[in-house]
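Geometric and topological summary
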Amino acid sequence: MLLLSAHHLGAMPLILSGRAGNILRHLAPVYRSCERGEPHLIAFAITEPAAGSDVEDGHGAEVYRPGVVATPTDGGYLLNGRKCFISGGDLAKTATVFAALQGEGMDSWTCFYVDCGAPGYKVARTELKMGMRASGAAEIELTNVFVPSDRVIGGLRNGWAMNRATLNASRIPVAAQGVGLPRPRPRPQWVSRRYKVGGKALIHYQDVQLHLATMVAETRAMRSLVWQEAKAAWQPRQLHASLCKFHVTDRAQRVCEMAMDLLADHGGKHEDQLDKIFRDVRLTLIFEGTNQINRLSLIEDWQAQLLEFNHGVGV
Ligand SMILES: Cc1cc2nc3c(=O)[nH]c(=O)nc-3n(C[C@H](O)[C@H](O)[C@H](O)COP(=O)(O)OP(=O)(O)OC[C@H]3O[C@@H](n4cnc5c(N)ncnc54)[C@H](O)[C@@H]3O)c2cc1C
């Protein structure tokens, strides 16, 4: 799931650049290669060892010294620096890499479409992370990686806008992951029939039934919110995607905790796979901006209305 969604995240700047040339020249070969049965994954690289939230939200970007820098050279740019926690970065053939321009600050952020086979591109290591282990989180070292000028995506210094538009498009699918993780497995219900306490299957206890009813309602409400906010996603606003991402993934974690509460020691056993869902779901609260940062994004989106309210005009 993460491997595929990370690929679409990587492809998104090419799509959102609004240039047909980027789609025909860069994206069409990717899909033709996949059709031939030769997988071509694209990675999306914004996070740097010293900047996760700062490069997703921008609050700290004003004081941040860019970690990946692009230096102009004949016919293109040379990229230097490190990116980290890049999903699928160990397998990707190309990557959309965000870098600041030499001698300028983070506001010069630009998106470059990088060939992962280019000299100087190195996967330094992959993290041994708590969940979603089928997708490698790679640390990428860039040493004088040449990127031709026609691989600047969306124009110089438009990286912030490209990044924002990409995350607005991709955070709703992260929320959908939050719905999908607890949803297709009726294990708590199934297990609560299997396990007995005081000679009775757990399901025959009324408080267990109340617990289950809440879990079902929570999951349905999460799903409805995803549909509702997805409908509004055509608007160029961060509110819908951020709200949907943080609320749904928070609730998804809560549903998993409720399943754990219900099953006690059985929930911790590997065979019922609840532990896996529990570890996987936790990561959806972190990537594509922590849920705290997504809450701040919602408030940022509402700033105009909030200020108006302060002046007594009302929302
Ligand atoms: C499984 C996984 C896959 C990932 N895949 C990718 C990928 O493909 N590409 C990519 O570029 N990145 C990827 N990431 C990185 C991810 O986007 C970052 O981990 C995330 O943005 C958080 O950054 P950080 O870990 O550096 O935390 P930090 O930015 O160091 O934040 C630490 C804490 O401080 C809080 N905080 C930070 N700033 C503020 C603020 N202004 N106000 C209040 N609180 C604040 C945060 O909410 C958090 O609690 C992935 C991460 C994970 C876990």
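A quick note: this is a predicted structure, and the numbers were derived from the prediction, not measured.

Rules and cut-offs
- Sequence positions are assigned chain by chain, starting from 1 and proceeding in written order.
- Local features in this predicted model are restricted to residues whose pLDDT is 70 or higher, and side-chain atom pairs enter the listing and the counts only when it is 80 or higher, whereas totals over whole chains, interfaces and linings include all residues.
- Each side-chain value is worked out from all heavy atoms of the structure, with water and hydrogens disregarded.
- Secondary structure elements follow DSSP: runs of H or I of four or more residues count as helices, runs of E of two or more count as strands, with numbering from the N terminus.
- Between buried and exposed lies partly exposed: a residue is buried under 20% and exposed over 50% of the maximum accessible area for its type, with that area taken using a 1.4 Å probe on protein chains only.
- Contacts are assigned to residue pairs with any non-hydrogen atoms lying within 4.5 Å of each other.
- Note on areas: Shrake-Rupley, 1.4 Å probe, and residue coverage restricted to the protein chains presented here.
- Charge counting follows a simple rule: Lys and Arg are positive, Asp and Glu are negative, and His as well as the terminal groups are ignored.
- Taken as the charge location is NZ of Lys, CZ of Arg, CG of Asp or CD of Glu.
- The pairing criterion for strands is at least two bridges between them, as found by DSSP.
- Residues are classed as near a molecule or strand on a simple rule: at least one heavy atom within 4 Å of it.
- Each polar contact in these results corresponds to two N or O atoms within 3.5 Å; when the atoms are within protein, one needs to be able to donate a hydrogen and the other to accept it, and residues that are neighboring in sequence are counted only if both atoms are side-chain atoms.
- In this entry, domain limits derive from an automatic or database-based domain assignment.
- Buried area is understood as the total, over both parts, of accessible area removed when two parts are fitted together, assessed with a 1.4 Å probe.
- Note on definitions: salt bridges are taken to be side-chain nitrogens of Lys or Arg within 4 Å of carboxyl oxygens of Asp or Glu.
- In this analysis, axes come from line fits to C-alpha atoms, helices being fitted only over the stretch in contact, and the angle between any two N-to-C directions falls in the range 0 to 180 degrees.
- Should the near helix be turned anticlockwise from the far one by less than a right angle, the crossing is termed left-handed; should it be turned clockwise, right-handed.
- Basically, the charged four are Asp, Glu, Lys and Arg, the nonpolar ten are Ala, Val, Leu, Ile, Met, Phe, Trp, Tyr, Cys and Pro, and anything else, Gly included, counts as polar.
- Only centres within 6.5 Å qualify two rings of Phe, Tyr or Trp (six-membered ring in Trp) as a pair; their planes then separate them into stacked at under 30 degrees, edge-to-face at over 60, and tilted for everything else.
- Two conditions define a charge located above a ring, namely a distance within 6 Å from the ring centre to NZ of Lys or CZ of Arg, and an angle within 35 degrees of the ring normal.
- The term nonpolar core refers to a set of buried residues drawn from Ala, Val, Leu, Ile, Met, Phe, Trp, Tyr and Cys, joined through side-chain atoms within 4.5 Å.

**What about the overall build of the chain?**
- Along the chain, the regular secondary structure elements total ten helices and ten strands.
- Burial status across the chain gives 49% buried among its 315 residues.
- Considering only residue pairs separated by 6 or more positions, the chain has 72% of its internal contacts joining residues 24 or more positions apart.
- Carbon and sulfur atoms provide 57% of the accessible area of the chain, an area that totals close to 15500 Å².
- Charged side chains of the chain number 35 positive and 31 negative; the gap between the two group centres comes to 7 Å.

**Describing the pairing of strand β3 (residues 76-87)**
- Here strand β2 (residues 69-73) runs beside β3; their pairing, made up of five bridges, is antiparallel. Across the sheet, the residue bridging to Val 69 is Asn 80, located in β3.
- In textbook terms, the turn of a hairpin is the stretch between consecutive antiparallel strands, and for β2 and β3 this stretch comprises two residues, one of which, Gly 75, has a positive phi near 80°.
- The pairing of β3 with strand β7 (residues 137-148) spans nine bridges and is classified as antiparallel. Pairing of Leu 79 across the sheet is with Val 145, part of β7.

**Some remarks on the site of the ligand**
- Surveying the vicinity of the ligand reveals 21 residues, the closest of which are Thr 47, Ser 53, Glu 56, Phe 85 and Thr 290.
- Phe 44 has a polar backbone atom sitting 2.8 Å from a nitrogen atom of the ligand.
- In the model, a nitrogen atom of the ligand is placed 3.0 Å from a nitrogen or oxygen of the Phe 85 main chain.
- In the complex, the protein chains occlude 69% of the 980 Å² of accessible area that the ligand would expose alone.
- Elements supplying a minimum of two residues to the shell around the ligand: β1 (42-45), α3 (53-57), β3 and α9 (291-301).

**Remarks on the domain arrangement of the chain**
- Domain assignment breaks the chain into domain 1 (2-157) and domain 2 (162-310).
- The interface of domain 1 with domain 2 comprises 23 residues on the first partner and 24 residues on the second.
- Buried area between domain 1 and domain 2, summed over both chains or domains, comes out near 1800 Å², and the portion from carbon and sulfur atoms is 66%.
- Along the contact surface separating domain 1 from domain 2 lie zero salt bridges.
- The tally of links between domain 1 and domain 2 comes to three residue pairs in polar contact (both at pLDDT 80 or more).
- Top element by residues in the side of domain 1 that touches domain 2 is helix α1 (residues 2-16). It accounts for six residues.

**Here's the deal with the packing of helix α7 (residues 239-263) against α9**
- Running from N to C, α7 and α9 point in directions that differ by 145°, and their axes come no closer than 8 Å. Considering the relative orientation of α7 and α9, their crossing is left-handed. The residues of α9 that touch α7, namely those facing Leu 239, Ser 242, Leu 243, Lys 245, Phe 246, Thr 249 and Asp 250, are Asn 291, Asn 294, Arg 295, Ser 297, Leu 298 and Asp 301.
- Of the residues contributing to the contact of α7 with α9, the split by class is four nonpolar, five polar and four charged.

**Remarks on the packing of aromatic side chains**
- In this structure the tally under the stated criterion is four aromatic pairs.
- Their ring planes at 45° and their centres at 5.2 Å tell us that Phe 98 and Trp 109 sit as a pair that is tilted. Pair noted here: Phe 98 is in strand β4 (residues 94-101) and Trp 109 is in the loop between β4 and β5 (110-115), with a separation of eleven residues, a long-range link. Here Phe 98 and Trp 109 have matching classes, each one buried.
- The structure contains a cluster of three or more aromatic residues connected by ring pairs, namely Phe 44, Phe 98, Trp 109 and Trp 160.
- Sitting over the face of the ring of Tyr 205, Lys 200 holds its NZ or CZ atom 4.4 Å from the ring centroid.

**Here we look at the nonpolar core**
- Among the nonpolar cores identified, the biggest contains 33 residues, and Met 215, Val 226 and Val 248 are the most heavily contacted of them.
- Residue assignment for this core shows that the elements contributing at least two residues are α4 (159-180), α6 (206-231), α7 and α8 (274-284).
- The dominant element in this core, judged by the number of residues it contributes, is α7, at eleven residues.
- Those residues within four positions of Val 248 in sequence are excluded, and the remaining contacts are Ala 175, Gly 178, Val 179, Met 222, Leu 225 and Val 226.
- Ala 45, Tyr 77, Phe 112 and Cys 116 belong to the second largest nonpolar core, which has 24 residues in total.

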